[in-house]
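Architecture and fold: a report
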Amino acid sequence: MQTSKKSRTDLNRGKYSDLTEQEFEAHKDDIVAIESAQEVCHGCRGAECRQGVTGMVPVIAPENGRFYTAMRMCKWEKLRRENKRKEKLFSRARVPFAYSRDNFSTYKVTTDNQTAVEAAKWSLQEGNKRGLFLYGKTGTGKTKLAAVIANEKTGRGEQVLFSSVPDFLADIRASYGKNTNAETMELARDIPCLILDDLGAEKLTDWVGEQLFCLLNHRYNEGLQTIITSNYEPETIMSRLVSIDKDGRLDDTHARRIMSRIFGMCEMVCVGGKDWRKGASV
């Protein structure tokens, strides 16, 4: 730690009015050393720390007139740690790379999707735990809008998990018979905001349907925000969630239970418009 040349006579007694006269006189050398250590931070822009402990600056913390010292984190170290924390949040959110930089400024708003965009912004309101069921034809921008929600939340330090339903179900299936819970399921149960993309993309087995219901039921009971996208309207997706039991027969029990929970915790929002994948990027 570099120090500048200060002396006891340079001290401003008025700065330390919280110290008794006796404490001030007894710790003048300590005060000089601390002020000198603080001065090495002058002009710092956070590129290279000059303190002995990176990002930590010694300060005087008087209490009841007595002399005590402490270490205070500088603004650059706070910023560095906050950025690192956000980087971890973005990584853990698992937003697909293609959508990792999307935000509302990159999302093209039209008369067909304006209501959906407004609903997405509504879902971001502080304290709002109500979810969204974003549905519409293929390529209308449902996944991108869900990713925008995820990016906005992680950008302000909130925890989010983004997973396509086919990948999520594959993770559950992979854990079947191993007497263990799927890693994604463990994360998905209690994450403050869960985004499930492309619900209805594949048929469910009876066991997987039960696992998906248990997840949504838990989140419904705990009041945790859940965002879901689907190519199917709420009235027709039921047929896509019909599971196949162990005897190979179709069973809509889980489908009804799953949709009951989704209706209970999500607002139904249509994302209209043309298939942007066939034209301009949304």
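Structure first, text after, so check above.
Now for a look at the structure at hand.

Reading guide: rules and limits
Residues numbered from 1 in each chain as written. Predicted model: local features only at pLDDT ≥ 70, side-chain atom pairs only at ≥ 80, totals over all residues. Heavy atoms only, no water. Helix = DSSP H or I, 4+ residues; strand = E, 2+ residues; numbered from the N terminus. Contact = heavy atoms within 4.5 Å. Buried < 20%, exposed > 50% of the residue type's maximum accessible area, 1.4 Å probe, protein only. Pairing = 2+ DSSP bridges. Axes fitted to C-alpha atoms, helices over the stretch in contact; angles between N-to-C directions. Expected span 1.5 Å × (residues − 1). Core = buried A, V, L, I, M, F, W, Y, C linked by side-chain atoms within 4.5 Å. Parallel < 35°, antiparallel > 145°, perpendicular 65-115°, else oblique. Left-handed = near helix turned anticlockwise from the far one by under 90°. Nonpolar A, V, L, I, M, F, W, Y, C, P; charged D, E, K, R; others polar.

Turning our attention to the environment of Gly 136. For Gly 136, the position within the fold is in the loop between strand E3 (131–135) and helix H5 (142–155). A C-alpha to C-alpha distance of 9.9 Å links Gly 136 and Pro 234, two positions 98 residues apart in sequence. Filtering out sequence-adjacent residues up to four positions away, Gly 136 remains in contact with Lys 142, Ser 230, Asn 231 and Val 271.

Moving on, we come to the environment of Glu 183. Looking at where Glu 183 falls in the secondary structure, it is placed in helix H7 (residues 183–190). Accessibility expressed as a relative area gives 54% for Glu 183, which makes it exposed. Put simply, Glu 183 and Asp 171 are twelve residues apart on the chain and 7.5 Å apart in space, counted from C-alpha to C-alpha. Setting aside anything within four residues of it in sequence, one finds Glu 183 in contact with Arg 94 and Asp 171.

Ordered in space as E4-E5-E7-E3-E10, the five strands form an open sheet in which the pairing is parallel. Looking at the sheet topology across the chains shown, the edges are occupied by strand E4 (160–164) and strand E10 (266–270). Strand-to-strand twist across the sheet, computed as the mean angle between neighbouring axes with direction ignored, equals 15 degrees. Pairing of E3 with E10, which is carried by five bridges, proceeds in the parallel orientation. From the neighbouring strand, Tyr 135 faces E10, where its bridge partner is Cys 270.

The terminal C-alpha atoms of helix H8 (residues 206–222), which comprises 17 residues, lie 24 Å apart, in line with the 24 Å expected from a rise of 1.5 Å per residue. Note on H8: the residue one or two positions beyond its end, Gly 223, has a positive phi of about 65 degrees.

Looking now at the nonpolar core. The nonpolar side chains of a soluble globular protein tend to be buried, and buried together. Judged by nonpolar contacts, the single largest core of 28 residues is most densely connected at Phe 133, Phe 168, Leu 199, Leu 212, Leu 241, Ile 258 and Ile 262. Mapped by element, the contributors of at least two residues to this core are E3, helix H6 (165–175), H7, strand E5 (193–199), H8 and helix H9 (253–265).

Our next topic: the packing of H8 against H9. For the pair H8 and H9, the least separation of the axes is 9 Å and the interaxial angle reads 20 degrees. Between H8 and H9, the angle falls in the class roughly parallel. Read as a crossing pair, H8 and H9 show a hand that is left-handed. Mapping the contact onto sequence places Asp 206, Gly 209, Glu 210, Leu 212, Phe 213, Leu 216, Asn 217, Arg 219 and Tyr 220 in H8 and His 254, Arg 257, Ile 258, Arg 261, Ile 262, Gly 264 and Met 265 in H9. In terms of residue class, the contact of H8 with H9 is built from seven nonpolar, four polar and five charged.

The strand order across the open sheet formed by three strands is E6-E8-E9, and the pairing between neighbours is mixed. The open sheet has two free edges, formed respectively by strand E6 (204–205) and strand E9 (250–251), since each of these has just one partner strand. Pairing geometry for E6 and strand E8 (residues 243–244), over two bridges, is parallel. Bridge assignment links Leu 204 to a residue of E8, and that residue is Ser 243.

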